[in-house]
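Coordinate analysis (summary)
Residues per chain, in single letters:
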Amino acid sequence: MVASSERRACTRVGLVVRPRLLREMLVRLIGRHPRLCLVGSVSEPARLERVLTGQAPQCLVVTLDRSGNLDEDLRRVCRRHPGLRLVVLSAQGRLLRTERGRPAREVDTAEALLETLCHAGSDEDHPSINKQEQQR
Amino acid sequence: MARILIVDEIRLNASVMAAVLEEEEDLEVVGTATTVEEALAHAGACDLVLVSTGLPEGGTTRLIAALREVNPEVSILVVGLAREPHDILHHIEAGASGYVLREDSVEELLRNIRAARRGRALVSPEIAALLMERIAQLAELAAESGIDLSQPPDLTPREREVLELIGEGLTNQQIADRLFIEVGTVKNHVHSILSKLNVGSREEAARYLRALEKKGL
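Numbers given to residues run from 1 along each chain, matching the order in which its sequence is written. Here chains are named by letter from A upward and ligands by number from 1 upward, in the order in which they appear as written. Totals for whole chains, interfaces and linings use all residues, but because this is a predicted model, local features are given only for residues with pLDDT of at least 70 and pairs of side-chain atoms are given and counted only at 80 or more. With hydrogens and water set aside, each side-chain value is computed from the structure's full complement of heavy atoms.

1. As for the overall build of chain A
Only DSSP runs of H or I covering at least 4 residues are called helices, and only runs of E covering at least 2 are called strands; the numbering of each starts at the N terminus. Along chain A, the regular secondary structure elements total six helices and five strands. Each residue's exposure class comes from its accessible area (1.4 Å probe, protein chains only) as a fraction of the maximum for that residue type: buried when under 20%, exposed when over 50%, partly exposed otherwise. Residues counted as buried form 46% of the 136 residues belonging to chain A. Contacts: residue pairs with any heavy atoms within 4.5 Å of one another. Taking the contacts inside chain A whose residues are at least 6 apart along the sequence as the reference set, 65% of them involve residues at least 24 apart. The Shrake-Rupley method, run with a 1.4 Å probe, gives the accessible areas here. Residue values count only the displayed protein chains as cover. Summed over all atoms, the accessible surface of chain A reaches about 7,200 Å², with 47% contributed by carbon and sulfur.

2. Topic: the interface of chain B and chain A
Taken together, the contacts link 23 residues of chain B with 21 residues of chain A. Summed over both partners, the accessible area (1.4 Å probe) lost when two parts come together is defined as the buried area. Across the interface of chain B and chain A, roughly 1,900 Å² is buried in total on both sides, 64% from carbon and sulfur atoms. On the chain B side of the interface with chain A, the three residues burying the most area are Leu12, Val16 and Val106 of chain B, jointly 29% of the side's total. By definition here, a salt bridge exists when the distance from a side-chain nitrogen of Lys or Arg to a carboxyl oxygen of Asp or Glu is within 4 Å. Seen at the junction of chain B and chain A, the total is four salt bridges. A salt bridge links glutamate 108 of chain B to arginine 20 of chain A; the shortest N-O distance between them is 4.0 Å. Two N or O atoms count as a polar contact when they lie within 3.5 Å, although within protein this holds only if one can serve as hydrogen donor and the other as acceptor, and sequence-adjacent residues are included solely when both atoms are side-chain atoms. Counting every contact that joins chain B to chain A gives nine residue pairs in polar contact (both at pLDDT 80 or more). Ranked by the residues each element gives to the side of chain B that touches chain A, the list is headed by helix α1 (residues 11-21) of chain B, at eight residues.

3. Some words on the nonpolar core
Working definition of a nonpolar core: buried Ala, Val, Leu, Ile, Met, Phe, Trp, Tyr and Cys residues. They are joined through side-chain atoms within 4.5 Å. If you look at the biggest cluster of nonpolar residues, it comprises 45 residues, and the most contacted ones within it are Leu26 and Val61 of chain A together with Ile6, Leu21, Leu50 and Ile113 of chain B. Counting residues per element, this core draws most heavily on α1 of chain B, which supplies eight residues. Residues Val49, Leu55, Ile64 and Ile127 of chain B belong to the second largest nonpolar core, which totals 23 residues.

4. Topic: helix α2 (residues 20-31) of chain A
Taking 1.5 Å per residue as the helical rise, α2 of chain A with its twelve residues ought to reach 16 Å, and the 16 Å between its terminal C-alpha atoms agrees with that figure. Among all positions in α2 of chain A, only Leu21, Leu22, Arg23, Met25, Leu26, Leu29 and Ile30 of chain A are buried. Each helix should span, by expectation, one fewer than its residue count multiplied by 1.5 Å.

5. Some remarks on the packing of helix α4 (residues 85-94) of chain B against helix α6 (residues 125-144) of chain B
Residue and element names in this part refer to chain B. Every axis in this analysis is a line fitted to C-alpha atoms, fitted for helices over the stretch in contact. Angles between the N-to-C directions lie between 0 and 180 degrees. Relative orientation of the contacting elements α4 and α6 amounts to 60°, with a least axis distance of 10 Å. By the angle class used here, α4 and α6 are oblique. Of the two possible hands of crossing, α4 and α6 adopt the one that is right-handed. Contacts from Pro85, His86, Ile88, Leu89, Ile92 and Glu93 in α4 reach Ile127, Leu130, Leu131 and Arg134 in α6. Residue composition of the contact of α4 with α6, grouped by class: seven nonpolar, one polar and two charged. Throughout, the term roughly parallel applies to angles under 35 degrees, roughly antiparallel to angles over 145, roughly perpendicular to angles from 65 to 115, and oblique to all others. Note: crossing handedness is left-handed where the near helix turns anticlockwise from the far helix by less than a right angle, and right-handed where it turns clockwise. When residue character is reported, Ala, Val, Leu, Ile, Met, Phe, Trp, Tyr, Cys and Pro are called nonpolar, Asp, Glu, Lys and Arg charged, and the others, Gly included, polar.

6. Let's talk about the side chain of arginine 23 of chain A
Its location among the elements puts arginine 23 of chain A in helix α2. Here arginine 23 of chain A occupies a buried position and makes no salt bridge, while the nearest side chain of opposite charge, glutamate 103 of chain B, is found at 5.4 Å. Those residues in contact with arginine 23 of chain A, other than ones at most four positions away along the chain, are Leu15, Val17, Arg18, Ser41, Val42 and Ser43 of chain A. Residues scored as charged are limited to Lys and Arg (positive) and Asp and Glu (negative), so that His and the chain ends carry no count.

7. Some points on the environment of isoleucine 92 of chain B
Mapped onto the fold, isoleucine 92 of chain B is located in helix α4. Residues isoleucine 92 of chain B and leucine 194 of chain B, spaced 102 residues apart in sequence, show a C-alpha to C-alpha distance of 29 Å.

8. So, the pattern of salt bridges
Applying the stated rule across the entire model yields 18 salt bridges over all chains. Between glutamate 107 of chain B and arginine 28 of chain A there is a salt bridge; the shortest N-O distance is 2.8 Å. With glutamate 107 of chain B in helix α5 (residues 106-117) and arginine 28 of chain A in helix α2, this pair bridges two chains. The partner of arginine 11 of chain B in a salt bridge is glutamate 38 of chain B, with the nearest N and O atoms 3.5 Å apart. Pair noted here: arginine 11 of chain B is in helix α1 and glutamate 38 of chain B is in helix α2 (residues 36-42), with a separation of 27 residues, a long-range link.

9. Quick word on unusual backbone geometry
Cis geometry marks the peptide bond from arginine 18 of chain A to proline 19 of chain A; its omega dihedral reads -5°. Locating proline 19 of chain A in the fold gives a position in the loop between β1 (11-16) and α2. Unusually for a residue other than glycine, glutamate 57 of chain B sits at a positive phi of about 55°. When its relative accessible area of 74% is taken as the criterion, glutamate 57 of chain B is described as exposed. Here the phi dihedral of phenylalanine 180 of chain B falls at roughly 60°; this positive angle occurs in a residue that is not glycine. Along the chain, the position of phenylalanine 180 of chain B falls in the loop between α8 (172-179) and α9 (183-197). Residue classification places phenylalanine 180 of chain B among the exposed residues on the basis of a relative accessible area of 76%.

10. Focus on the side chain of histidine 91 of chain B
Residue and element names in this part refer to chain B. One can find histidine 91 in helix α4. With a relative accessible area of 7%, histidine 91 lands in the buried category. With residues near it in sequence (within four places) discarded, histidine 91 still touches Thr53, Thr60, Thr61, Ile64, Val78, Ala96 and Tyr99.

11. With respect to the confidence of the model for chain A
Residue and element names in this part refer to chain A. Residue-level confidence of the predictor, termed pLDDT, takes values from 0 up to 100. Here chain A shows a mean pLDDT of 74. Residues at 70 or above account for 67%. Mean pLDDT across the elements of chain A ranges from a minimum in helix α6 (residues 127-135), with 33, to a maximum in α2, with 96. Confidence drops under a pLDDT of 50 for residues 124-136, and excluding neighbours within four residues, the segment shows 18 contacts in the predicted structure.

Now the structure itself:
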């Protein structure tokens, strides 16, 4: 019973993060968080299929490309999976934008980032997002 | 237990790194900082500083120099992308103990931290080759300038003392006041020092001293 509710509370997170040091540190932090479940981790958006197959993530943490844009592969994935939420880090690592449809807000600690990821998997915490997604 | 300060212009990066390093039993993160000023406030409380290369306005090299001044015993590891190998040399010459690439693994970061605490540096074969090339260049420059760094100069303890004060930029009068000796005696020492080092000016002598200190002589 407890295990079942814990499973429900766990947000499935995928990583598409460069550079490697930041990616591996996020893997460690997410991996040991009781409410987060890491389903895959890659450096390049082109390898994203590896993350999306199997246990589909509810949320992707991604870094922008060198020109500061969202990679085209990521845009395509977002169009195909409209329910997938993105947490976008700038090329330098700063969080620029949380989930789709919500205003940009800055997260500057590891704790705040993990909390954001936990909420990204909780429909109750973001009714406005659900509404927007249902309207699509 | 190594006490670590993390300096990164992006607070989230520093915070993520701190959270990861705090999991290690032999490491303690004493603080994080995003600016040179913030970092220097913690400088006395740490054994090792991890500094990002991205601090604005040359902040990384400024911080390295300031840390060396405030806490000469501190180990400094620079963390950067190093698009050019010479970026790495630039920071090592500024006083860094080592360089960790952002494309390295967390395990490699931890190995570098532990090595730095033991007074060692882990470098890739590419960086080792660059360092050797730079040493050869410096030796060539020294030879052209008539400076022989292969042997420590035969200075008396008093001459060494005077040379160190020259290195601090003191005048003969100031040196005399500091050591409680006559100015004439200082002049004799300076003459002897220049002659033994085979250099023509106080500035060259000061440079020589810095080179000796870098070699640990």
